[in-house]
Amino acid sequence: MFTEDDLLPISALQHLAFCERQAALIHLEGEWQENKLTVEGHGLHDKVHEDDAEVRNGVRLVRGLRVRSLEFGLVGAIDMLELTPVDSAEAGGVALPGLRGRFLPYIVEYKRGRPKLDHCDEIQLCAQALCLEEMLGASIAESAFFYGTPRRRHAVTLDMDLRAETGRLAVRLREIIDSGQTPPPEYAPRCQNCSLIDLCLPQAPRQEGSVSRYLKRTINEVTSEETA
Ligand code: SF4
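Relative to the elements of secondary structure, Ala24 occurs in helix α2 (residues 20-27). Measuring from C-alpha to C-alpha, the distance between Ala24 and Thr182 comes to 5.3 Å, with 158 residues separating the pair along the chain.

See below:
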């Protein structure tokens with residue numbers, strides 16, 4: 001079990017599922033750069049958090065709920081949690097502090113654009129569900145994305161394979177963070193969609209180590225050539 005001080009962000013799992021080096025650059029070296037994709041994503045994300053909790057057609061909507069898991073050592077936030085009243089625990093209902101009855105929890109995460117071909121987003125959704133299951137003592141079989149284009153809900157089954165992969169990535173993330181080592185770049189088609197490509201330099205010489213060491217060495221080389 002981890003403590004509150006040990007928790008790592010769920011967003012890092014998404015980055016890790018995309019590329020280990022990207023996750024290390026962002027979460028070890030703090031080299032995160034905003035690009036158009038991420039800024040637009042924040043805009044939509046912020047909009048989801050505008051209102052306070054409300055009840056619509058009997059379903060309670062909770063926005064921006066912070067979740068964490070001491071088992072997996074993760075922390076993050078859920079865009080929207082739908083709580084549908086149900087009759088019993090057998091129907092998946094959980095009791096909630098300050099509310100009468102039982103409710104079926106259902107996570108909805110808002111995303112810019114279309115469903116992706118990779119499974120990075122599913123990893124995020126599953127990690128959120130693992131956190132919420134631990135916090136509520138619930139079992140969550142399914143969650144969903146709401147994509148901006150087209151504006152449609154897309155359900156994701158939280159099966160054993162997805163749960164196992166999410167757990168494996170949580171372990172790997174901690175290994176990378178604890179090691180303090182940024183993995184070397186591996187140029188791949190995904191690099192063209194990576195917001196860190198100009199910092200990562202995936203086609204630069206590979207033995208250079210971290211971006212900062214690479215840049216420092218390059219600057220030193222240029223400086224010594226100029227003074228020779
Ligand atoms: S440019 Fe490629 S290797 Fe570098 S962080 Fe991005 S995806 Fe990873």
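A word on the side chain of Thr182. Here Thr182 lies in the loop between α5 (160-179) and α6 (197-200). Among the polar contacts made by the side chain of Thr182, one reaches the side chain of Glu29 at a distance of 2.4 Å. Apart from the residues lying within four places of it in its own chain, the contact partners of Thr182 are Arg21, Ala24, Leu25, Leu28 and Glu29.

What follows covers the nonpolar core. Among the nonpolar cores identified, the biggest contains 45 residues, and Leu13, Leu74, Ile107, Leu132 and Leu158 are the most heavily contacted of them. When contributions to this core are tallied by element, the ones reaching two or more residues are α1 (10-18), α2, β4 (74-86), β6 (102-111), α4 (120-136), β7 (142-147), α5 and α6. The leading source of residues in this core is α4, at 9 residues. For Leu158, the contacting residues outside a window of four places in its chain are Cys126, Ala129, Ile140, Ala141, Glu142, Ser143 and Arg163.

For the rest of this paragraph, the subject is the pairing of β7. The element β7 is extensively covered by neighbouring structure, given that 5 of its 6 residues are classed as buried. Here β6 runs beside β7; their pairing, made up of 4 bridges, is parallel. Of the residues in β7, the one forming a bridge with Lys111 is Tyr147. Crossover β6 to β7 through α4 is right-handed. With 6 bridges joining them, β7 and strand β8 (residues 152-157) adopt antiparallel strand pairing. Looking across to β8, one finds that Ser143 is bridged to Val156. Linkage of β7 to β8, two consecutive antiparallel strands, is achieved through a turn of 4 residues.

Reading the values: rules and limits
Residues numbered from 1 in each chain as written. Predicted model: local features only at pLDDT ≥ 70, side-chain atom pairs only at ≥ 80, totals over all residues. Heavy atoms only, no water. Helix = DSSP H or I, 4+ residues; strand = E, 2+ residues; numbered from the N terminus. Polar contact = N/O pair within 3.5 Å; in protein donor to acceptor, adjacent residues only side chain to side chain. Contact = heavy atoms within 4.5 Å. Core = buried A, V, L, I, M, F, W, Y, C linked by side-chain atoms within 4.5 Å. Buried < 20%, exposed > 50% of the residue type's maximum accessible area, 1.4 Å probe, protein only. Pairing = 2+ DSSP bridges. Right-handed = clockwise from strand over helix to strand, strands pointing away.

Keep in mind that these numbers describe shape and distance, not what the molecule does.
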